[in-house]
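So the chains spell out like this:
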Amino acid sequence: MLSRERLRDTSGRTRLALESRDFDPTLFDRWQQLDGERREAQVAMEELQRQRNEASKEIGLVKRQGGDASQQIAAVSELKKRLETTESRSQEIDAEVARLEATIPNLPHDSVPEGPGEEDNRLERVVGEPTSFDFEPQAHWDLGPQLGILDFERGAKLAGARFTTYFGAGARLERALINFMLNLHVDEHGYTETIPPFMVNRQALFGTGQLPKFEEDLFHLEGDQDYFLVPTAEVPLTNLHRDEILDEDQLPIRYAAHTPCFRAEAGSYGKDVRGLFRQHQFNKVELVQLSAPETSYEALEQLTSHAEKVLQRLELPYRVMCLSTGDMGFAAAKTYDIEVWLPGQDRYREISSCSNCEDFQAHRAGLRYRPKGGGKTKLLHTLNGSGLAVGRTLIAVLENYQRSDGSVEIPSVLRPYMGGLDQIVAPT
């Protein structure tokens, strides 16, 4: 959530920045109008309260002098009615202001390329050469079933479209990737491993920006408790210190967690849903950092490098893109997408998004810290990134390590997690 000081900007910079995020500028104008009315109502209420207090004092004075205070009593009654009307209108304005504020996206950092979509994203670097073969490579949706490790039909039979069942070496490979990623981030990168709840309340989702704007993309549980399945571990990890005041000496805080992620993917039906893409349930290892503002952009580069390290150890080719203003997520001020090369599809595909949300989520979740030198508390900066999306990493392994006979080599770094297994072959 943006501070009201930034939203009150009259220079036009905030309005232009929001337009670049594809936010309706008339809603920003409406917020400024309502904010002006809200402040006018506050001044009016204070004046009416002052007049009522003065009139009440006058009633007591007249009565002590034995006079008739009916005129003053009538005036107090009228002032009370006017005050109640003004208070009621102020409450209506406050509610609409809060509703609008919750829908306004974060402002982009100055280094973010401007543009409405992914075609405006900026290439930062390419690591490794796209894998080439002397045969026609297969996509994972063909390889997996042929190897007997992915079953899309049985997943659909159990839960419907966009669910998959893993078998044998496929299930073990998924587990190996999770353990490899967690060990790398905890042992080498210094994150604290965390197992958060896989369900969260509405307040947690508001804190990270999924609510109220993206409720249709969430799985809401029916019942007495207002719970949602987590769309990403970013939500519980970022909210771990909600409404707390940390000491600056505790920063940066780094959490890593593996969770299943649940997404309704509303509005994407028929779009890019083949195989393991856009599943309703998938595994992800998430990285979250809480940082002081002065070091948050250094932290973004560091967090992105931590996610890249997974691909480097797996020897998978990839590239890093800086997302444009129109392609970034709602809460982000700057985002790097890491895209892995998938030879079965002859293209790069996103496998991680690493974002600095600056103090946007901290405003919503009450994330603050106390500076070393004392003084007022400050809002933290929050960062998050996939380290990595496990299912998409499995896709990348299958497609990049496939052989002409349909078998798949296991990357050497994963073999200790696979009981020494060095390949996956089709069942005989």
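Parameters at a glance
- Residues numbered from 1 in each chain as written.
- Predicted model: local features only at pLDDT ≥ 70, side-chain atom pairs only at ≥ 80, totals over all residues.
- Heavy atoms only, no water.
- Helix = DSSP H or I, 4+ residues; strand = E, 2+ residues; numbered from the N terminus.
- Buried < 20%, exposed > 50% of the residue type's maximum accessible area, 1.4 Å probe, protein only.
- Contact = heavy atoms within 4.5 Å.
- 1 Å grid on protein atoms, 1.4 Å probe; cavity = no way out; pocket = protein on both sides within 12 Å on 5 of 7 lines; lining within 4 Å.
- Points joined across faces, edges and corners; volume = space filled by probe spheres on them.
- Nonpolar A, V, L, I, M, F, W, Y, C, P; charged D, E, K, R; others polar.
- Polar contact = N/O pair within 3.5 Å; in protein donor to acceptor, adjacent residues only side chain to side chain.
- Pairing = 2+ DSSP bridges.
- Salt bridge = Lys/Arg side-chain N within 4 Å of Asp/Glu carboxyl O.
- Axes fitted to C-alpha atoms, helices over the stretch in contact; angles between N-to-C directions.
- Parallel < 35°, antiparallel > 145°, perpendicular 65-115°, else oblique.
- Left-handed = near helix turned anticlockwise from the far one by under 90°.

Asker: Honestly, the environment of Phe167 in this entry has me stumped. Any pointers?
Answerer: Inspection of the secondary structure puts Phe167 in the loop between strand S3 (165–166) and helix H7 (168–188). Residue Phe167 is classed as partly exposed on the basis of its relative accessible area of 37%. As for Phe167 and Gly144, which are separated by 23 residues in sequence, their C-alpha atoms are 9.7 Å apart. Phe167 has contacts with Gly148, Ile149, Asp151 and Arg154, leaving out every residue within four places of it along the chain.

Asker: Honestly, the layout of surface pockets in this entry has me stumped. Any pointers?
Answerer: Gaps left between atoms show up when a probe the size of a water molecule is rolled over them. When its volume is computed, the second largest pocket comes out at roughly 420 Å³. Forming the walls of the second largest pocket are 16 residues, and the residues nearest its centre are Arg13, Ala17, Leu107, Pro108 and Asp110. In terms of residue count, helix H2 (residues 13–20) provides more of the lining of the second largest pocket than any other element does, five residues in total. Considering only residue class, the lining of the second largest pocket consists of five nonpolar, five polar and six charged.

Asker: Looking at this structure, how should I read the side chain of Thr194?
Answerer: Residue placement: Thr194 occurs in the loop between strand S4 (192–193) and strand S5 (199–201). On the basis of relative accessibility, which here comes to 14%, the residue Thr194 falls in the buried class. Of the polar contacts made by the side chain of Thr194, one reaches the backbone oxygen of Thr192; its length is 3.2 Å. Excluding anything up to four places from it in sequence, Thr194 contacts Leu237, Leu240, Tyr255, Ala256, Ala257 and His258.

Asker: I keep staring at the pairing of strand S13 (residues 367–370) and nothing clicks. Help me out?
Answerer: Along any regular strand the residues' side chains alternate between the sheet's two faces. Only one face of S13 is covered, namely the one carrying Leu367 and Tyr369; the face carrying Arg368 and Arg370 has none of its residues buried. One ladder, built from four bridges, connects strand S7 (residues 244–247) with S13; its direction is parallel. Considered in S13, the bridge of Asp247 is made with Arg370. Bridge count between S13 and strand S14 (residues 378–379): two bridges; the pairing is antiparallel. Counterpart to Tyr369 in the pairing with S14 is Lys378.

Asker: What's the story with the pattern of salt bridges in this structure? I'm lost.
Answerer: Side chains bearing opposite charge may pair, as long as their charged atoms lie close to each other. In the structure shown here, the tally under the stated rule is 23 salt bridges. Note that Glu96 is salt-bridged to Arg99, the shortest N-O span being 3.8 Å. Within this pair, Glu96 and its partner Arg99 are both found in helix H4 (residues 70–101), separated by three residues, close to a single helical turn. The class of Glu96 is partly exposed, set by a relative accessible area of 22%. Among the salt bridges present, the one from Arg202 reaches Glu215, with a minimum N-O distance of 3.3 Å. In this pair, Arg202 is assigned in helix H8 (residues 202–208) and Glu215 in the loop between H8 and strand S6 (227–229), connecting sequence segments 13 residues apart. Accessibility expressed as a relative area gives 31% for Arg202, which makes it partly exposed. Looking at Glu215, the relative accessible area reads 32%, which means it is partly exposed.

Asker: Would you explain the packing of H7 against helix H10 (residues 296–313) in this entry?
Answerer: Packed helices, taken two at a time, are described by their axes: the angle between them and the distance between them. The interhelical angle for the contact between H7 and H10, taken along N-to-C directions, is 125 degrees, at an axis separation of 10 Å. Taken together, the axis directions place H7 and H10 in an arrangement best described as oblique. Crossing of H7 against H10: the hand is right-handed. Note on element contacts: H10 touches H7 through His306, Ala307, Lys309, Val310 and Arg313, opposite Phe180, Met181, Leu184, His185 and Glu188. Grouping the constituent residues of the contact of H7 with H10 by class yields five nonpolar, two polar and three charged.

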